[in-house]
Amino acid sequence: MLQRIWIMWLARTREFYRDTSGLAWNLLFPLLIIAGFAFAFSGDKQNTFKVGVYPPESLSDKTDFFATKHIEFIPQKNKDEAYAKVGRHQIDLLVVWGDTVQYWINPTSPKGDLVEKVLLGSTKYPVLRQEAHGKQVRYVDWLVPGILALNMMFSALFGVGYVIVRYRINGVLKRLKATPLRAYEFLVAQVLSRLVVIMGSSVVVFVGANFFIHFSMLGSWLLLLSVFALGTFCMISLGLVFAARFKSEEMVSGILNFLTWPMMFLSGVWFSLEGLHPVFQKIALAFPLTHLINASRAIMLDGAGINQVALPMLILAGMSVVFIGVGAVLFKWE
């Protein structure tokens, strides 16, 4: 059994690396995106100010401050997380509304200083000033976990779903069926091969980009690698579901595009889900990409440990079991 899995794994891995154009695209695509955003957002100019408001229902209080133009007021559900955002310059000010208005400001933030003056000049309530300190997080630092996860998603879904359907159309699966190879051995080899290929190329991309850009990394490298491996395995398993029975490359390509586009825009790759409509926030939780990005960002930017990312990792593991189980049950050679 192990020998058959090894032979299939070796064959699929060699097939990928011998496709030089595909290999080059897998390495260059995320690098070009990271480099482009690093250059585009290298300055500090932004059009709006961002103020966190806790508790969220405080926004219903129609004060002059909340009516200020060019300030985006973002409701905050977790006060501790909001403090950290002020320290990292992700929001310019945090306002805790009540009989006494408390606000947190990073003394090194020039935008926070301006927003503070607007607050003091537009509220009639007593105010209490607090300071939050921290290192500024660049947009590229925030972006890179999402770009890596996005590249993993495309490589996993199309690298498994599309390839197995092509095997079925070309008659490769029909010939393999005539051998002693069992269906689960074939699927295990495909999953492991793709997992090794994606993780290997992702490490090369991360190390190469980090050499020039120097990403913020506060957590454990081993934990980050584990999260990326689990997320990749989950999305490979999802690809198996769509590869199980389809016989048309056009059909599976259309379905995979239909699946990947919502994940790309609703999983927090390009922008934070804060301020998004609650319905879309709930829809985003159904995507494995969302949990992968949340866990990897928490490790890199917040220094989160295993306890802090245990929930998204458990969700990814549960999704993986469901996806690979469904894919195995539905799989047909022909």
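What you see is a predicted model, and the numbers here were worked out from it, not measured in a lab.

Student: Would you explain the environment of Glu 116 in this entry?
Tutor: Checked against the element boundaries, Glu 116 lands in helix 4 (residues 110–122). Judged by its relative accessible area of 7%, Glu 116 falls in the buried class. In this structure, the C-alpha to C-alpha distance between Glu 116 and Leu 93, residues 23 residues apart in sequence, is 7.5 Å. Look past the residues within four positions of Glu 116 in its chain and what remains in contact with it is Leu 93, Tyr 103, Ile 105 and Arg 129.

Student: Before we go on, may I ask you to explain helix 8 (residues 221–243) in this structure?
Tutor: Residues three or four positions apart in an α-helix share a direction because the helix packs 3.6 residues into each turn. Helix length check: helix 8 (23 residues) gives 33 Å between terminal C-alpha atoms against 33 Å at 1.5 Å per residue, within 8%. Structurally, the start of helix 8 carries an N-cap: the backbone nitrogen of Leu 222 is 3.3 Å from a side-chain oxygen of Ser 220.

Student: Is there a simple way to think about the pattern of salt bridges in this case?
Tutor: Two side chains bearing opposite charge may form a pair once their charged atoms approach each other closely. This structure, assessed with the given rule, holds three salt bridges. Between Lys 117 and Asp 113 there is a salt bridge, with the nearest N and O atoms lying 3.0 Å from each other. Linking Lys 117 with Asp 113, this pair stays in helix 4, spanning four residues, or about one helical turn. Look at Asp 113 and you get partly exposed, because its relative accessible area is 33%. One salt bridge in this structure joins Arg 129 and Glu 131, with 2.9 Å as the shortest N-O distance. The class for Arg 129 is partly exposed, based on a relative accessible area of 38%.

How each quantity is defined
Residues numbered from 1 in each chain as written. Predicted model: local features only at pLDDT ≥ 70, side-chain atom pairs only at ≥ 80, totals over all residues. Heavy atoms only, no water. Helix = DSSP H or I, 4+ residues; strand = E, 2+ residues; numbered from the N terminus. Buried < 20%, exposed > 50% of the residue type's maximum accessible area, 1.4 Å probe, protein only. Contact = heavy atoms within 4.5 Å. Expected span 1.5 Å × (residues − 1). Polar contact = N/O pair within 3.5 Å; in protein donor to acceptor, adjacent residues only side chain to side chain. Salt bridge = Lys/Arg side-chain N within 4 Å of Asp/Glu carboxyl O.

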